[in-house]
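Each chain, letter by letter, is given below.
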Amino acid sequence: PSTVSHLLQYGCRVTVVPYNYGSEKISELKPDGIFFSDGPGNPAQVKAQLPEYRELAETYPTLGLCMGHQILALAFGAKTEKLHFGHRGANQPVLNVKTNKVFMTAQNHSYKVDENSLPKGEFIVQYKNVNDGSVEGLSHLKHDIITTQFHPDASSADSKEIYDQFYVHLKKKGRERTYA
C-alpha cells in the first residue's frame, strides 16, 4: 500500500495539496500533521518554498519521505548533492543507527542530503545506507520531524516503524482528533 494508505490505516484523514499551496492555506485546514512526499527532480527546485516548509515543520508533527526528506533538510539549512549513481530498486540495505539493525529498502532517487552540512543542534542521523554511508533518515532534536530517504511503504516490514513514529508524534501533539 501507499503512504496515504498507511496513514489511513492509522485513522488519519489525508488532504493532498500541491507543493506551493502556502503555509497560511495549509494552516486553515487545521492539520494534525504534515507529510512531505516524494517527487521527481532536484529538491533545490522548491527553494522559494523552503521558509514556509520550515515554518510548517516547526508547527506540526512532520514526516518527510524521499524528496520530502531532502526538502526538509534543505529547509533547515543543510545541502543536497547529486549521487554519482542513484539508489534504485528494492535492494538498498539501511542501518537504523539507534538499534544497529539493518533492513532492506526500496529507493528511487538521484540526490542525497550532505551529512556534513547538517546544522548542529537540529537533526540526528537515524538511518544510513550500508553501501555508501549516505544519510537515509533524520530525526529532529527539538521538533516532531522524522524523515527517510527510502520508501517505507515499498520496503521490508522493519521500515514500517517510520509510520509508527509519526503516529506517536501525532498522538503526543494531542490536537483536535482522537487517534485509535
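Refer to the structure presented above.
Residues numbered from 1 in each chain as written. Predicted model: local features only at pLDDT ≥ 70, side-chain atom pairs only at ≥ 80, totals over all residues. Heavy atoms only, no water.

Engineer: Sorry, what's going on with a nonpolar patch on the surface here?
Structural biologist: Taken together, the side chains of V4, L8, V14 and V16 make up a nonpolar region of the molecular surface, amounting to roughly 330 Å² of accessible area. Among the structural elements, V4 can be located in helix α1 (residues 3-9). (Patch = residues over 30% accessible without salt bridge, like charges linked within 9 Å, V, L, I, M, F, W, Y side chains within 5 Å. Areas by Shrake-Rupley, 256 points an atom, 1.4 Å probe, with all protein chains shown as cover. Salt bridge = Lys/Arg side-chain N within 4 Å of Asp/Glu carboxyl O. Helix = DSSP H or I, 4+ residues; strand = E, 2+ residues; numbered from the N terminus.)

Engineer: Got a minute to help me understand the pattern of salt bridges in this structure?
Structural biologist: Evaluated as defined, the whole model comprises five salt bridges. Where E81 meets K112, a salt bridge forms, and the shortest distance between an N and an O atom there is 3.3 Å. Remark: K112 occurs in strand β4 (residues 101-113) and E81 occurs in strand β3 (residues 80-96); sequence separation between them is 31 residues. You can call K112 partly exposed: its relative accessible area is 22%. For the salt bridge of D144 with K172, the shortest nitrogen-to-oxygen distance reads 3.0 Å. Here D144, found in the loop between β6 (135-140) and β7 (145-148), pairs with K172, found in helix α5 (residues 161-173); they are 28 residues apart in sequence, far enough to count as distant. On the accessibility criterion, D144 (17% relative accessible area) is buried. Take K172: its relative accessible area is 57%, and that puts it in the exposed class. Shared partners join several salt bridges into a network, and the residues in it are R54, E58 and E122. (Buried < 20%, exposed > 50% of the residue type's maximum accessible area, 1.4 Å probe, protein only.)

Engineer: Where do I start with a negative patch on the surface in this structure?
Structural biologist: A surface patch of negative charge is lined by E24, E28, E52 and E55. Elements represented by at least two residues in the negative patch include exactly α2 (23-28) and α3 (50-59). The exposure class assigned to E28 is exposed, which follows from its relative accessible area of 61%. (Lys, Arg positive; Asp, Glu negative; His and termini not counted. Charge placed at Lys NZ, Arg CZ, Asp CG, Glu CD.)

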